[in-house]
Amino acid sequence: MCGMPQQPPVRSTPTRPPRPDASMSLLTNVMDHSLDDGYAEAAARKKAAGESGMPKTLRARLGLAAGLVLAALVVTVGAAQARVAAPVVAKEREELIDRIDRETSAADKLEASVDKLRDDVNTRQREALKKSGGGDGGELVGILSGAVEVHGPGVKLVVDDAKEATSGGNGDPRETSDFSDTGRVRDRDMQRVVNGLWESGAEAVAINGQRLTALSAIRAAGDAILVDNKPLVPPYTVLAVGNGKQLSNRFQNSADGLYLHALQENYGIRNSISVESDLRLPAAPSVIVRTAQPNNEKSEKGTS
């Protein structure tokens with residue numbers, strides 16, 4: 001009777017017992033190799049450098065010493081060059097100062113000559129006015145034209161910027177008219193003041209010692225006010241010769257006087273007016289007329 005073939009029995013391999021010193025292998029490895037390869041290589045390089053004949057520290061010190069010597073040499077050479085160039089620079093400076101002094105002296109002489117010629121022209125103009133106007137009439141023409149000095153009763157009007165000027169905006173009429181600072185007195189303000197004084201009966205007007213005539217112009221250059229191209233600085237003192245009390249009342253009640261009052265109320269621009277018993281106004285620098293000619297034609301009105 002045939003049956004299933006029998007499997008050979010499985011043999012088990014007997015296990016060896018562990019060595020008693022197996023757990024000591026890691027400690028043995030550490031003891032045998034206390035320095036890894038990196039440390040060993042670094043030590044070898046250091047040893048080789050030492051054997052070459054010069055320590056690294058000594059080389060560093062020698063390099064530093066060489067750098068200091070080079071820096072000292074550069075400073076010494078620069079100082080020597082500066083010492084050599086110093087006399088030349090001083091000489092050029094002295095020559096420049098002498099040239100400035102000479103040019104300044106020449107400019108002063110020219111200015112004095114201009115002032116002398118201007119006085120001579122004014123004197124000749126006054127004499128011509130007296131001759132052509134018939135004595136007293138010529139003096140009257142000289143007063144009205146600004147060619148002569150005048151004095152008499154009148155008003156003194158002082159206009160000044162606000163203490164704390166602020167910028168306007170939001171459709172403010174002064175801001176929209178190119179007023180960058182509503183607390184500053186502008187040329188158009190002084191134009192209205194002067195025109196108001198003329199209209200109120202002033203016979204002669206001056207601003208900060210600058211006599212106004214029919215040819216005078218009040219303009220602006222940036223923030224500065226110019227009268228006949230001469231800049232003025234605040235406060236602006238306006239002197240007007242005339243019937244003092246009457247002139248003051250008329251001006252303050254005029255449209256231009258009310259305009260000045262509105263500037264004070266709305267923008268803080270300061271002003272004060274006073275009646276004076278005697279004011280002295282200088283003559284205008286020049287009253288030369290280049291275009292206007294006298295009309296000598298006789299009127300034919302009433303003739304047949």
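Preceding this section is the structure that the text describes.
Let us look at the structure shown here. (Residues numbered from 1 in each chain as written. Predicted model: local features only at pLDDT ≥ 70, side-chain atom pairs only at ≥ 80, totals over all residues. Heavy atoms only, no water.)

### Structural notes on the overall build of the protein chain
Going by this rule: Numbering goes from the N terminus for both helices and strands, where a helix is a DSSP run of H or I of at least four residues and a strand is a run of E of at least two. When accessible area is computed with a 1.4 Å probe and restricted to protein chains, residues below 20% of their type maximum are described as buried, those above 50% as exposed, and intermediate ones as partly exposed.
Per the secondary structure count, the protein chain includes eight helices and eight strands. Here the protein chain holds 304 residues, and the buried ones make up 22% of them.

### Some details on helix 6 (residues 187-199)
Rules: To estimate how far a helix should reach, multiply one less than its number of residues by 1.5 Å.
Spanning 13 residues, helix 6 covers 18 Å between terminal C-alpha atoms, matching the ideal 18 Å at 1.5 Å per step. Residues of helix 6 that are buried include every one of Asp187, Asp189, Met190, Val193, Val194, Gly196 and Leu197, and no others. Directly after helix 6, the chain includes Gly201, whose backbone phi takes a positive value near 115°.

### Focus on the packing of aromatic side chains
Test applied: Aromatic rings from Phe, Tyr and Trp, with only the six-membered ring used for Trp, were paired whenever their centres fell within 6.5 Å, and each pair was classed as stacked if the ring planes differed by under 30 degrees, edge-to-face if by over 60, and tilted otherwise. Placement of a positive charge over a ring is assigned whenever Lys NZ or Arg CZ falls within 6 Å of the ring centre and within 35 degrees of the normal to the ring plane.
The tally for this structure, following the rule as stated, stands at zero aromatic pairs. Over the aromatic face of Tyr259 sits the side chain of Arg192, whose NZ or CZ is 4.2 Å from the ring centroid.

### Quick notes on the pairing of strand 4 (residues 218-221)
The condition that has to hold: In this analysis, strands are considered paired if DSSP registers two or more bridges between them.
Judged from the four bridges that link them, strand 4 and strand 5 (residues 224-227) form a sheet pairing that is antiparallel. When the bridges of strand 5 are listed, Ala221 appears paired with Ala224. Between strand 4 and the antiparallel strand that follows it, strand 5, lie two residues; Gly222 among them carries a positive phi value of about 70°.

### Brief notes about the packing of helix 6 against helix 8 (residues 255-267)
We count it as follows: Axis lines are fitted through C-alpha atoms, for helices just across the contact stretch, and the angle between N-to-C directions can take any value from 0 to 180 degrees. Here a crossing is taken to be left-handed if its near helix is turned anticlockwise relative to the far helix by less than a right angle, and right-handed if that turn runs clockwise. Throughout, a contact is declared for two residues whenever any of their heavy atoms are within 4.5 Å. Residue polarity is assigned by list, with Asp, Glu, Lys and Arg as charged and Ala, Val, Leu, Ile, Met, Phe, Trp, Tyr, Cys and Pro as nonpolar; anything else, Gly included, falls into the polar class.
Between helix 6 and helix 8, the least distance of the axes is 8 Å, while the angle of their chain directions is 145°. The way helix 6 lies across helix 8 gives a crossing that is left-handed. Packed against helix 6, whose contacting residues are Asp189, Arg192, Val193, Asn195, Gly196 and Glu199, the element helix 8 presents Ala255, Asp256, Tyr259, Leu260 and Leu263 at the interface. Looking at side-chain class alone, the contact of helix 6 with helix 8 contains five nonpolar, two polar and four charged residues.

### Overview of the nonpolar core
Here is the rule: Nine residue types can take part in a nonpolar core, namely buried Ala, Val, Leu, Ile, Met, Phe, Trp, Tyr and Cys, and a core is a set of them joined through side-chain atoms within 4.5 Å.
Core analysis: the biggest nonpolar cluster contains 25 residues, and Met190, Leu197 and Ile207 have the highest contact counts within it. Per-element tally for this core: the top contributor is helix 6, with four residues. Non-local contacts of Leu197, meaning those with residues more than four positions away in its chain, are made with Val155, Ala202, Val238, Ala240, Leu247 and Phe251. Ranked by size, the runner-up nonpolar core spans seven residues in total, among them Val150, Ala206, Val241 and Leu281.

### Looking at the sheet that holds strand 6 (residues 230-232)
Spatially, the three strands line up as an open sheet ordered 4-5-6, and their pairing is antiparallel. For this open sheet the edge positions go to strand 4 and strand 6, each flanked by a neighbour on one side alone. Sheet twist, expressed as the average angle between the axes of neighbouring strands with direction ignored, equals 40°. Where strand 5 lies against strand 6, three bridges are found, and the strand directions are antiparallel. The residue of strand 6 that forms the bridge with Leu226 is Pro231. Sheet strands in contact with helix 6 are strand 4 and strand 5, and its direction is about 170° off that of strand 4.

### With respect to unusual backbone geometry
If a residue is not glycine, its phi is most likely negative; likewise, a peptide bond is most likely trans. The peptide bond linking Pro234 to Pro235 adopts the cis configuration, its omega dihedral lying at 0°. With respect to the secondary-structure elements, Pro235 resides in the loop between strand 6 and strand 7 (236-241). With a phi close to 50°, Asn208 is a non-glycine residue in the positive phi region. Along the chain, Asn208 falls in the loop between strand 2 (204-207) and strand 3 (210-211).

### Comments concerning a nonpolar patch on the surface
In plain terms, the rule: To count toward a patch, a residue needs a relative accessible area over 30% and no salt bridge; like charges are then connected within 9 Å, while nonpolar side chains (Val, Leu, Ile, Met, Phe, Trp, Tyr) are connected within 5 Å. Here, Shrake-Rupley sampling with a 1.4 Å probe gives the accessible areas, and only protein chains in the shown set may cover a residue. We define a salt bridge as a side-chain nitrogen of Lys or Arg found within 4 Å of a carboxyl oxygen belonging to Asp or Glu.
Together, Leu70, Leu73, Val74 and Val77 line one region of the surface with nonpolar side chains, adding up to about 370 Å² of accessible area. The residue Val77 is located in helix 3 (residues 56-133) in this model. Of the residues examined, Val77 reaches a relative accessible area of 41% and is grouped as partly exposed.

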